[in-house]
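Below are the chains, spelled out letter by letter.
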Amino acid sequence: MKRIPGRPALRLAAAGAAVLLALAGCGSDRAPSAGSTGPAASASVSGTVTVFAAASLKEAFTELGRRFEAAHPGSHVGLDFAGSDALAASIVAGAPADVFAAASPATMKTVGDEGGTAGDPVTFARNQLEIAVAPDNPQQITTLQDLAQPGLKVVLCAQQVPCGAAARKALTAGNVQLTPVSWEQDVKAALTKVELREADASLVYRTDVKAAAGKADGVPFPEAARAINDYPIAVLARAPNTAGARAFVALAESPEGRRVLTDAGFLSP
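Just so you know, these numbers come straight off a predicted model, no measurement behind them. (Residues numbered from 1 in each chain as written. Predicted model: local features only at pLDDT ≥ 70, side-chain atom pairs only at ≥ 80, totals over all residues. Heavy atoms only, no water.)

Draft legend 1. Just the sheet that holds strand β7 (residues 182–184), in detail. Across the sheet, which stays open at both edges, the 5 strands sit in the order β7-β6-β8-β5-β9 with mixed pairing between neighbours. On the outer flanks of this sheet lie β7 and β9 (217–219), each paired with one strand and no other. When strand polarity is set aside, the average angle formed by the axes of neighbouring strands in this sheet is 35°. Of the strand pairs in this sheet, strand β5 (residues 129–133) and strand β8 (residues 201–205) are connected by 5 bridges, and their pairing is antiparallel. In the sheet register, V133 faces β8, and the bridge partner there is A201. Across the sheet, helix α7 (residues 187–195) touches β5, β6 (154–157), β7 and β8, and the angle it forms with β8 is around 145°. (Pairing = 2+ DSSP bridges. Helix = DSSP H or I, 4+ residues; strand = E, 2+ residues; numbered from the N terminus. Axes fitted to C-alpha atoms, helices over the stretch in contact; angles between N-to-C directions. Contact = heavy atoms within 4.5 Å.)

Draft legend 2. Seen up close, the packing of aromatic side chains. Per the stated rule, a full pass over the model turns up 6 aromatic pairs. Aromatic side chains Y205 and Y231 sit 6.0 Å apart centroid to centroid with 70° between the ring planes, which places their arrangement in the edge-to-face category. Pair noted here: Y205 is in strand β8 and Y231 is in strand β10 (residues 229–235), with a separation of 26 residues, a long-range link. Neither residue differs from the other here; Y205 and Y231 are each classed as buried. Aromatic side chains Y231 and F266 sit 5.4 Å apart centroid to centroid with 75° between the ring planes, which places their arrangement in the edge-to-face category. (Phe/Tyr/Trp six-rings, centres within 6.5 Å; stacked < 30°, edge-to-face > 60°. Buried < 20%, exposed > 50% of the residue type's maximum accessible area, 1.4 Å probe, protein only.)

Draft legend 3. The pattern of salt bridges, seen in detail. This model, assessed by the stated rule, comprises 7 salt bridges. Among the salt bridges present, the one from D113 reaches K109, with a minimum N-O distance of 2.8 Å. Given the relative accessible area of 52%, D113 is considered exposed. (Salt bridge = Lys/Arg side-chain N within 4 Å of Asp/Glu carboxyl O.)

Draft legend 4. Structural context of the environment of N175. With respect to the helices and strands, N175 occurs in the loop between α6 (162–173) and β7. Looking at N175, the relative accessible area reads 70%, which means it is exposed. In this structure the C-alpha to C-alpha distance between N175 and Q145, which are 30 residues apart in sequence, comes to 8.0 Å.

Draft legend 5. Layout of the sheet that holds strand β2 (residues 75–82). Spatially, the 5 strands line up as an open sheet ordered β2-β1-β3-β10-β4, and their pairing is mixed. The open sheet has two edge strands, β2 and β4 (122–127), and neither has a second partner. Neighbour to neighbour, the strand axes of the sheet diverge by 20° on average, direction disregarded. Alignment of β4 against β10, held across 5 bridges, turns out to be antiparallel. Note on β10: the bridge partner recorded for V122 is I233. Set on the sheet, helix α3 (residues 58–71) makes contact with β1 (47–54), β2, β3 (99–101), β4 and β10; between it and β2 the angle comes to about 170°. Sheet contacts for helix α9 (residues 242–253): β1, β2, β3, β4 and β10; angle to β10, the most-contacted strand, approximately 150°.

Draft legend 6. Layout of unusual backbone geometry. In the Ramachandran plot, D136 falls in the positive-phi region, its phi being about 70° despite a non-glycine side chain. Along the chain, D136 turns up in the loop between β5 and β6. Residue D136 is classed as exposed on the basis of its relative accessible area, which comes to 69%. One non-glycine residue, N175, adopts positive backbone phi at about 55°.

Draft legend 7. A look at the state of the cysteines. Applying the stated rule across the entire model yields 1 disulfide. Put simply, C157 and C163 are joined by a disulfide, and their sulfur atoms are 1.9 Å apart. Of note, the bridge from C157 to C163 carries an S-S torsion of about -110° and is left-handed in sense. (Disulfide = S-S within 2.5 Å.)

Draft legend 8. Main features of helix α4 (residues 84–92). Turning to α4, its buried residues number three or more, namely S84, L87, A88 and I91. Projection of α4 onto a plane perpendicular to its axis shows the buried side chains occupying an angular sector of 100°, all on one side. Along its buried surface, α4 packs onto β1, β2, β3, α5 (105–112) and α6. Phi for G94, located one or two positions after α4, is positive at around 110°. (Arc of directions from axis to C-beta.)

Draft legend 9. Fine view of the pairing of β6. Residues V154 and L156 point to one face of β6 and V155 and C157 to the other, with burial holding for every one of them. Taken together, the 2 bridges between β6 and β8 define a ladder with parallel strand orientation. Opposite V154, over in β8, you have A201 as the bridge partner. The pairing of β6 with β7 spans 3 bridges and is classified as parallel. By the bridge assignment for β7, L156 is matched with W183. Handedness of the crossover joining β6 and β7 through α6: right-handed. (Right-handed = clockwise from strand over helix to strand, strands pointing away.)

Below, the structure written as C-alpha cells:
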C-alpha cells in the first residue's frame, strides 16, 4: 500500500522548497551595486577610466584613483586636472573621457547643454574659499577688506573659472574692489603664485590651502559663505568605458569617497 504523508510532513516539505527557491533567487537575481568592491564588481570593471576633474580635486581624486585600482584589479584611472572651463571645452570638442567632475554646476551645464552627459550630474562635494597667504602671514591679512590695501599684490583665478566666479561673489559680498596683478587659469596656478612669493595673497579653495601645508597658510573670512561652490560629477555620453565610469562615480558618492573628500577639506553635498 502506498503511504500518504501526513500534514506535518507536507508542511516541512513545502517550507524546504520555499527556502530553496529563496536561496536560488538570491544567487541569481541580485546584481552587485555600482559601488561594490567584491569579486563580481572587480570582474566587470577593467581597462582605463579617464577622468577629467577640476584642478582643486587633484589630491582627493588621486587618492580615489588609487583606491579604485586596488578594488578593480586590471583597471587604471587616468586623471586629467585643469580649470573646469578648459576641461568642459575639451569634452565638447570631442576629447575622449569617461567622467567629468567640475567645480561648478555652470561649467557642467556647458557639457550637458551639448548632450555630453549620460543622465543628470550629481553634486558630490562642495568647496569654500580662503585667503591664501605666505606662512606666518607676513602682511598680517585678517579680513577680505585687507586685500584692497595699496601695494598689496593679489592674484585671482580668471573670472570664467569656477574659483574666479566664486571670488567675484565673495568680493561683491564684502564690497571689496581690487585689481589683481594677474588672472590665473586654475586655482593651483593662483596658489603657486603665493607659494613662490610672487603674490602676497590669493583667493583659493580651502582644500588647496590644506594641500599646501607648510607652503601657504589660509585665512578664513565670513563672506566665503556667500560663495560656496557645488561640485557635480557625471558619466559622459561618449564614454569609452561606461562600466568603469559608473563605478568611479559610485566610489566618489560612496561613504568611502565622502571620507576621502572630507579629509581633503571638502564640505559634504
